[in-house]
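# Structure assessment
Listed here are the chains, written in short residue letters.
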Amino acid sequence: MGHDTQPPEEGEADVPERVSGDEPLLAARVHRPSDLMRLLVGLLAIGLVIAIAAFAHATTSGLEEDINKGAVGAPDVFVKIAGLVSSIAVLLVPVAFAIERLIKRDGLRIADGVLAAVLAHGVTLATDLWVAQAAPGTIQDALTQPQSGGGLTDPVHNYLAPVIAYMTAVGMARRPRWRVSLWVVLLLDAFTMLVAGYTTALSIILTVLIGWTVAYGTLYAVGSPNVRPTGQTLLAGLRRVGFRPVTALRAEGVPDSADSGDRGRRYIVTLEDGPPLDVTVVDREQQAHGFFYRAWRRITLRTITTRRSIVSLRQALEQEALLAYAAIAAGANAPKLIATSELGPDAVMLVYEHIGGRSLDSLDDDEITDELVTSAFRQVRALQSRRIAHRRLTGDAILVDRSGKVILTDLRGGEIAAGDLILRMDIAQLLTTLGLRVGAERAVAAAVGVLGPDTVADCLPLLQPIALSRSTRATLRKLARERSAREREAVLAASEAAKHERELAKAAASVDLKDVPAEKKAGIKAGAKAEKRADKKAEKRALDTALDEAREEDLLAQIRQQVLLIRPQAPVEPVRLERIKPRTLVSLIAGAVAAYFLLSQIARTPLSTISQADWRWVAAAVLFSALSYVAAAMSLLGFVPERVGFWRTVVAQVAGSFVKIVAPAAVGGVALNTRFLQRGGVRPGLAVASVGASQLFGLGAHILLLLSFGYLTGTEKSQSFTPSRTVIAGLLTVAVLVLVVTAIPFMRKFVSTRLRSLFAGVVPRMLDVLQRPMKLATGIGGMLLLTGLFVLCLDASIRAFSHGDQSVSYASVAVVFLAGNALGSAAPTPGGVGAVEGALTFGLVAVGLPLEVATPAVLLYRLLTLWIPVLPGWLCFNWLTKREAL
């Protein structure tokens, strides 16, 4: 199938350097995606059981009563004998299986089982401790039973969970006799404990889930023995279906699509007589690749039929065979399937005639002719004539043989009897794939020539990133970043050139004004001011011209433009394909958790505490909160050399209070300020650089203030809080993280790329600001004032409920605020909801403030700085929008 590796020439079959009877040595252990899936399912099930125990107490109590009533008639002798036998057998069966495995020299698997059992025992002990000391009473009631001698039974059984973890990790499920015997013993043991009143049904279920989950977590962490079929297994399978293979050469050069990791391993097989074969081997673990991506697409996309996330190997085999035969019957060029077979219980193979071509991705640009592009659209037309969708029309799925014929491969993800939407998505994908190589004009011209203008125009609403493959989206994002970098460089170059011209003109026009009369001096100064205004206008025009010349349209926009030249009335409004955006889903989940946390905190705050608040300090907290918007405007304008209205900037900061509640704290404010500066006349690149400079200085000031106040608190005489050690531990932690990031190449590259993109253009912008000391002083002063006002607001909130007898120092409050604010900026929730409240409450308690004072103080502070400003922020946001300031 599609690959670059050519088959061995005749007579080379005996040359060991060129061919091999087996593939390169496989890894002894693999981290199976299926183990990770089972781990996540187990964690979800454990969470569900705990939620049922917490919120369905009546149901669980009724279940326990029904079990107790049914157990009344059971003979006591039978229960005791069954309990004795099961308690002995539940330990003997795993030991007997371990002996059997050791005799067969499978000790490594036994070691995995023992490790899983030890970890499961530790998890059960931690769960018992949590239920006994920290869990709500409803959970304790659902998982325990009162004992006759006093006390409660264990919430989780410390010997059952390790046995289940051991059984799962060693693979007893694959051996029916051992599996049945052990499950019979476990069920008998659980039955006797339930009847005797030593446990509850939810406790048994939770025990089983913990053992099962820990086992798969262990297997995924340490890896499982690699049982994938090798090349020798493939040769044996080919002999069983009538072929006489000589060698099987692994096609190592085959690129794997980013969104189709289950494509299988490819081999080129030479036969004793006849042409070579292309063989694809798919095993169960490869089939699990991409499961989470496919599941996520099914959740987030609507009106799109996708193949099921989990299918059996038999179903995958039948689907690919059906699509291969259907594609050839439709008249498309596709690899001819000549045989299929199973390679044991966990793998299948598909045997195709050898093609021996190159993929579109491997061709040079000058090799992609108009005829080749046209031929690719002809193949898609042939498929769509029988309503067959390919679904993977990327560059590595389009093969070109030696004669120049285009062949469509990788049909496994396609669909039979596809709907119109899926067929139009195929056209949009192929237009984008070919447009990336030959340009929008040539791709659209070929598509219109083969499919017709109406068909091509109908795909415009589907020409959006979400409808394209993952690899194509990644390529488009990369091109967008490169395009943005070129625009930014052009604007900065034009700005530097304009400054250089102004400096030359100023040097040429400079005169000695000492001997010039006063009247002429005034005229010269007025002329200089007029010339300065003219220079600014000229610089702005130069920047606009440079940006217009550097601006490039993205590929999708170019394709739309080419299609609209042919069909001006074509629909271009994108079809809504997303049910929900990832950021929205994360925000909803995080917001729900935060709301639960906030409501629980409010419920714990007595009304008497609120009624006894000192309203003078509440008024002071309100004042400090209001002044913080003035400080925020100063901190922004201090890094903007251009003239921007101060009070309008203050209004924009109030509008940011509304934006914070609908977007993460670290995102909404940056986007709003950037947009505000652009509307205020600042060039887009310079606006981004100004906001980036403000963020960079803010980060530095935040760290310095945190260290400074931490040191100050370390000098205080407080036995309950020793921040000096905290500061040292924090510095050591940061140092270790920096060393880890710099030592691992991919992490170093990831961080450097993100920092470059975030602060690109900041350094030139800072040079502009440094030439205006008053501006810089305003910016730094605004940052310090902003932090000070927030600290004062939090301190006033504390004093409103502490009544003077329970308070902490300003330095301690500052440390708590700075740490909580950092967590809020990193949290994905809007405004850092939940994360900030928890961090501030925990921090205030840590510095010695009672919980009954810390909780209402934090709630008051968050009401004044987050929730109450939402309505004024919404009004300011609409006011600025109507005046086109946002």
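An account of the accompanying structure is given in this report. Note that this is a predicted model, so its numbers are computed, not measured.

### Digging into the overall build of the protein chain
Counting its regular elements, the protein chain contains 33 helices and 12 strands. Evaluated residue by residue, the protein chain yields a buried proportion of 45% over its 886 residues. For the protein chain, the accessible area works out to roughly 44800 Å², and carbon and sulfur atoms hold 63% of it.

### Observations concerning the packing of helix H14 (residues 420–438) against helix H15 (residues 440–451)
Packing of H14 against H15 leaves a shortest axis separation of 7 Å and a crossing angle of 140°. When the axis of H14 is compared with that of H15, the two are oblique. Here H14 runs over H15; the crossing is right-handed. Residues Ile 427, Leu 431, Leu 434, Gly 435 and Val 438 of H14 form the contact with H15, whose participating residues are Ala 440, Arg 442, Ala 443, Val 444, Ala 447 and Leu 451.

### Considerations on the packing of aromatic side chains
How two aromatic rings sit relative to each other is given by the distance of their centres and the angle of their planes. Counting across every chain of the model gives 4 aromatic pairs. When the centroid spacing of 5.2 Å and the interplanar angle of 80° are considered together, the rings of Phe 646 and Trp 647 count as edge-to-face. By relative accessible area, Phe 646 is classed as partly exposed at 29%. Between Phe 817 and Tyr 861, the aromatic rings sit 6.5 Å apart at their centres with planes inclined by 85°, giving edge-to-face as the arrangement. Within this pair, whereas Phe 817 is found in helix H30 (residues 810–826), its partner Tyr 861 is found in helix H32 (residues 851–867), the two being separated by 44 residues in sequence. Residue classification places Phe 817 among the buried positions, given a relative accessible area of 5%. The rings of Phe 790, Phe 817 and Tyr 861 are connected pair by pair, giving a single aromatic cluster. A cation over an aromatic ring shows up here: Arg 250 above the ring of Tyr 267, its NZ or CZ 6.0 Å from the ring centre. It is Arg 799 that lies over the ring of Trp 617; its NZ or CZ is 5.6 Å from the centre.

### Here we look at the sheet that holds strand E8 (residues 358–359)
One open sheet holds the 3 strands; their spatial order is E8-E10-E11, and the pairing between them is antiparallel. Two strands in the sheet have a free side with no partner beyond their single neighbour: E8 and strand E11 (406–408). Sheet analysis places E8 next to strand E10 (residues 398–400), joined by 2 bridges and oriented antiparallel. Its bridge partner lying in E10, Arg 358 is registered against Val 400. Strands E10 and E11 of the sheet are contacted by helix H13 (residues 370–385), whose axis makes an angle of about 40° with E11.

### A look at the nonpolar core
Membership of the largest hydrophobic core comes to 59 residues, with the highest contact counts inside it found for Phe 377, Leu 431, Leu 434 and Ile 559. It is H14 that contributes the most residues to this core, 10 residues altogether. Residue contacts for Leu 434: discarding those within four places in its chain leaves Leu 360, Val 373, Ala 376, Phe 377, Gly 439 and Ala 443.

### Thoughts on the sheet that holds strand E7 (residues 347–353)
With respect to topology, 5 strands assemble into an open sheet ordered E3-E4-E5-E7-E6, the strand pairing being antiparallel. The sheet terminates laterally at strand E3 (245–250) and strand E6 (337–342), the two strands that pair on one side only. Looking at each pair of strands side by side, their axes are set apart by 25° on average, direction ignored. Alignment of E3 against strand E4 (residues 265–271), held across 5 bridges, turns out to be antiparallel. Counted as the bridge partner of Thr 247 is Thr 270 from E4. The sheet contacts of helix H12 (residues 313–329) involve strand E5 (277–283), E6 and E7, and relative to E7 the element is tilted by about 15°.

### Comments concerning unusual backbone geometry
A positive phi angle is found at Arg 387, which is not glycine, with a value near 55°. With respect to the helices, strands and loops of the structure, Arg 387 is situated in the loop between H13 and strand E9 (388–389). If you check the backbone angles, Ala 417 has positive phi at about 55° while not being a glycine. As for its position among the elements, Ala 417 is in the loop between strand E12 (415–416) and H14. Taking the relative accessible area as the measure of exposure, Ala 417 reaches 61% and is therefore exposed.

### Some thoughts on the side chain of Glu 320
Within the secondary structure, Glu 320 sits in helix H12. Judged by relative accessible area, which is 3%, Glu 320 ranks as buried. There is a polar contact of 2.7 Å between the side chain of Glu 320 and the side chain of Tyr 352.

### Re the pattern of salt bridges
A full pass over the atoms with the stated rule returns 13 salt bridges. Ionic pairing is found between Arg 244 and Glu 272, a salt bridge with its closest N-O pair at 3.5 Å. Pair noted here: Arg 244 is in the loop between helix H9 (231–240) and E3 and Glu 272 is in the loop between E4 and E5, with a separation of 28 residues, a long-range link. Close ionic contact of Arg 378 with Glu 371 constitutes a salt bridge, the shortest N to O distance being 3.2 Å. Residue classification places Arg 378 among the partly exposed positions, given a relative accessible area of 34%. Connected via shared salt-bridge partners are Arg 244, Glu 272 and Asp 273.

### Quick word on the pairing of E5
Among the 7 residues that make up E5, 7 are buried, leaving the element largely enclosed by the rest of the structure. One ladder, built from 5 bridges, connects E4 with E5; its direction is antiparallel. Residue Arg 266 lies in a different strand from E5, and its bridge partner there is Thr 280. Across 7 bridges, the pairing between E5 and E7 is antiparallel. Directly across from Leu 277, in E7, lies its bridge partner Glu 353.

### Observations regarding helix H19 (residues 555–566)
Every α-helical turn comprises 3.6 residues, leaving residues that sit three or four positions apart pointing alike. With 12 residues, H19 extends 17 Å from end C-alpha to end C-alpha; this agrees with the ideal 16 Å at 1.5 Å per step. For H19, the complete set of buried residues consists of Leu 555, Leu 556, Ala 557, Ile 559 and Val 563. Its side-chain oxygen at 3.3 Å from the backbone nitrogen of Leu 556, Asp 554 defines the N-terminal cap of H19.

### A few points about helix H23 (residues 646–660)
Here H23 contains 15 residues, and its C-alpha end-to-end distance of 21 Å stays within 8% of the 21 Å for a straight helix at 1.5 Å per residue. Within the sequence span of H23, burial applies to Thr 649, Val 650, Ala 652, Gln 653, Val 654, Ala 655, Gly 656, Ser 657 and Val 659.

### Things to note about the packing of H23 against helix H33 (residues 870–882)
For the pair H23 and H33, interaxial distance at closest approach is 7 Å and the crossing angle is 125°. Overall, the two elements H23 and H33 adopt an arrangement that is oblique. The crossing of H23 and H33 is left-handed. Contacts between H23 and H33 involve Arg 648, Val 651, Ala 652, Val 654, Ala 655, Ser 657, Phe 658 and Val 659 from the former and Val 870, Pro 872, Gly 873, Trp 874, Cys 876, Phe 877, Trp 879 and Leu 880 from the latter. Counted by class, the contact of H23 with H33 contains 13 nonpolar, 2 polar and 1 charged residues.

Calculation rules
- Residues numbered from 1 in each chain as written.
- Predicted model: local features only at pLDDT ≥ 70, side-chain atom pairs only at ≥ 80, totals over all residues.
- Heavy atoms only, no water.
- Helix = DSSP H or I, 4+ residues; strand = E, 2+ residues; numbered from the N terminus.
- Buried < 20%, exposed > 50% of the residue type's maximum accessible area, 1.4 Å probe, protein only.
- Areas by Shrake-Rupley, 256 points an atom, 1.4 Å probe, with all protein chains shown as cover.
- Axes fitted to C-alpha atoms, helices over the stretch in contact; angles between N-to-C directions.
- Parallel < 35°, antiparallel > 145°, perpendicular 65-115°, else oblique.
- Left-handed = near helix turned anticlockwise from the far one by under 90°.
- Contact = heavy atoms within 4.5 Å.
- Phe/Tyr/Trp six-rings, centres within 6.5 Å; stacked < 30°, edge-to-face > 60°.
- Lys NZ or Arg CZ within 6 Å of the ring centre and 35° of its normal.
- Pairing = 2+ DSSP bridges.
- Core = buried A, V, L, I, M, F, W, Y, C linked by side-chain atoms within 4.5 Å.
- Polar contact = N/O pair within 3.5 Å; in protein donor to acceptor, adjacent residues only side chain to side chain.
- Salt bridge = Lys/Arg side-chain N within 4 Å of Asp/Glu carboxyl O.
- Expected span 1.5 Å × (residues − 1).
- Nonpolar A, V, L, I, M, F, W, Y, C, P; charged D, E, K, R; others polar.

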